[in-house]
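# Examination of the molecular architecture
In case you want the letters, here they are:
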Amino acid sequence: MTSAIPLNVGITRSASAADAGAKRVLLAEPRGYCAGVDRAVETVEKALEQHGAPIYVRKEIVHNRHVVETLRERGVIFVDETDEVPEGALVVFSAHGVAPTVHETAAERNLRTIDATCPLVTKVHQEAKRFARDDYDILLIGHEGHEEVEGTAGEAPQHVQLVDGPDSVDRVTVRDPAKVIWLSQTTLSVDETMETVERLRQRFPTLQDPPSDDICYATSNRQTAVKAMAPECDLVIVVGSRNSSNSVRLVEVALGAGARAAYLVDYAREIDPAWLDGVRTVGVTSGASVPEILVTGVLDLLAEHGFGEVQPVTTANETLVFALPRELRPARR
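First things first, this report covers the structure right here in the doc. Since the structure is predicted, the reported quantities are computational estimates derived from the model, not experimental observations.

Definitions and cut-offs
- Residues numbered from 1 in each chain as written.
- Predicted model: local features only at pLDDT ≥ 70, side-chain atom pairs only at ≥ 80, totals over all residues.
- Heavy atoms only, no water.
- Helix = DSSP H or I, 4+ residues; strand = E, 2+ residues; numbered from the N terminus.
- Buried < 20%, exposed > 50% of the residue type's maximum accessible area, 1.4 Å probe, protein only.
- Areas by Shrake-Rupley, 256 points an atom, 1.4 Å probe, with all protein chains shown as cover.
- Lys, Arg positive; Asp, Glu negative; His and termini not counted.
- Charge placed at Lys NZ, Arg CZ, Asp CG, Glu CD.
- Pairing = 2+ DSSP bridges.
- Axes fitted to C-alpha atoms, helices over the stretch in contact; angles between N-to-C directions.
- Contact = heavy atoms within 4.5 Å.
- Parallel < 35°, antiparallel > 145°, perpendicular 65-115°, else oblique.
- Left-handed = near helix turned anticlockwise from the far one by under 90°.
- Expected span 1.5 Å × (residues − 1).
- Arc of directions from axis to C-beta.

### Focus: the overall build of the protein chain
For the protein chain, the count of helices and strands is 9 helices and 12 strands. Taken over the C-alpha atoms alone, the protein chain extends approximately 65 × 55 × 40 Å along its principal axes. Expressed as a percentage of its 333 residues, the buried residues of the protein chain come to 52%. With the model as given, the accessible surface of the protein chain reaches about 15,000 Å², and the carbon-plus-sulfur share is 49%. Mean positive and mean negative side-chain charge positions of the protein chain (34 and 50 charges, respectively) differ by 3 Å.

### Focus on the sheet that holds strand 7 (residues 160-163)
Taken together, 3 strands build an open sheet; the order of strands is 7-6-8 and the sheet is parallel. At either margin of the open sheet sits one strand with a lone partner, and together these are strand 7 and strand 8 (180-184). Recorded for the sheet is a direction-independent mean angle of 30° between the axes of neighbouring strands. Relative to strand 8, strand 6 (residues 137-141) is paired through 5 bridges, and the arrangement is parallel. Looking at strand 8, one finds that isoleucine 138 is bridged to isoleucine 181. Running at roughly 165° to strand 8, helix 4 (residues 119-133) makes contact with strand 6 and strand 8 of the sheet. Of the strands in this sheet, strand 6, strand 7 and strand 8 are in contact with helix 6 (residues 190-203), which crosses strand 6 at around 150°.

### Focus on the packing of helix 7 (residues 217-229) against helix 8 (residues 245-256)
Direction vectors running N to C along helix 7 and helix 8 enclose 25°, while the axes themselves pass 9 Å from each other. If you check the angle between helix 7 and helix 8, you find them roughly parallel. Along this stretch, helix 7 crosses helix 8, giving a crossing that reads as right-handed. Two secondary-structure elements touch here, helix 7 through Thr219, Arg222, Gln223, Val226 and Lys227 and helix 8 through Asn246, Arg249, Leu250, Val253 and Ala254.

### Quick notes on the pairing of strand 6
Of all 5 residues in strand 6, 5 are buried; the element is thus mostly enclosed. Alternating positions in strand 6 separate into two faces, Asp137, Leu139 and Ile141 on one and Ile138 and Leu140 on the other, with burial throughout. By the bridge criterion, 4 bridges tie strand 6 to strand 7 in an arrangement that is parallel. Residue pairing across strands places isoleucine 141 opposite valine 163, the latter belonging to strand 7.

### Some thoughts on helix 6
The end-to-end C-alpha distance of helix 6 is 20 Å, a good match for the 20 Å that 14 residues give at a rise of 1.5 Å each. Among the residues of helix 6, those classed as buried are Thr193, Thr196, Val197 and Leu200. The buried residues of helix 6 occupy one face: seen down the axis, they fall within an arc of 100°. Looking at the buried side of helix 6, the elements it contacts are strand 6, strand 7 and strand 8.

### Some points on unusual backbone geometry
In this chain, glutamate 29 is followed by proline 30 through a cis amide linkage whose omega measures 10°. Within the secondary structure, proline 30 is located in the loop between strand 1 (24-29) and helix 1 (35-51). Here alanine 53 and proline 54 are connected by a cis peptide whose omega angle stands at 0°. Position of proline 54 among the secondary structure elements: in the loop between helix 1 and strand 2 (55-58). Not every positive phi belongs to a glycine, and asparagine 110 is a case in point at roughly 55°. Following the sequence through the fold, asparagine 110 ends up in the loop between helix 3 (100-108) and strand 5 (112-115). Judged by its relative accessible area of 53%, asparagine 110 falls in the exposed class.

### Some remarks on helix 1
When the terminal C-alpha atoms of helix 1 are compared, their 24 Å separation across 17 residues agrees well with the 24 Å that a helix rising 1.5 Å per residue should span. Buried within helix 1 are the following residues: Ala35, Gly36, Val37, Arg39, Ala40, Val41, Thr43, Val44, Ala47 and Leu48. Positive phi appears at glycine 52, one or two residues downstream of helix 1, with a value of about 80°.

### Considerations on the sheet that holds strand 5
One open sheet holds the 4 strands; their spatial order is 3-2-4-5, and the pairing between them is parallel. Only two strands of the sheet have a single neighbouring strand rather than two, namely strand 3 (76-79) and strand 5. Direction aside, the axes of adjacent strands within the sheet are offset by 30° on average. As paired strands, strand 2 and strand 3 are joined by 4 bridges and run parallel to one another. Paired with arginine 58 across the bridge in strand 3 is valine 79. The sheet contacts of helix 3 involve strand 2, strand 4 (90-93) and strand 5, and relative to strand 4 the element is tilted by about 175°.

Put into structure tokens, the structure is as follows:
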């Protein structure tokens, strides 16, 4: 679960930080692994333990370079499509979800499957199926080509229309303006999504909202933490991969909330020392698919450049945990 009450958004300056030359780090909390990513990565690790290498994974299990490279070293083979998997082999579907046609193709090839789709993504799939059954036009707000969008749209391709940001709204066409609902990719910018929704509502005043928030609690929480610290920051460093939608959004959110500069890095070694010139306050956060060891590396590097004081900026407390897929759970006695 997630606390709805901010826990510690006050950003204070210690006596040393009041000095003109003092340097500090504001460390966003929450950051890093969300429950869905934790479940997906553990799914692959447990599959390796139980079945041995090689294990096949369709697409990247999560969008993080370090995680993918580490699993590849342990014997995981990442493929783009199930037809690259030998017949009868074991394949894991990524946290981003897949369309029904992917399950069908896997069955045709007699593949053993484990579905690591995040339960919050599965919720959006269920919403798409439900509203398609009721013959709604479904406006799916998301980024074209993203695996999650492809999976959700695949649940009801005749009813789903992609809306890739506010500028796409004018191209939307519907059959009946009285039967239109919007859904969204779970990893979007909250602010941009709501801007898109408002633009859609101007065109379709009776546009219905999803039954519950589609944007993942973790995506929202990480953006809120960045918004809290960004106005104080000369620089924000977001740890995450470039194909990670929620990580890219954190950079955008930081800049929009007042950070003077913001950069996305996979590893501490990618930080350009020139970024730190004249900087007194650095904000640090990480995307929802980033292991904490990568953040630790960034903090260590910053400490070497005089940024030894680290102050947490806490805006929520996350305790949600998802059960592993049933294929990997201990047998009941």
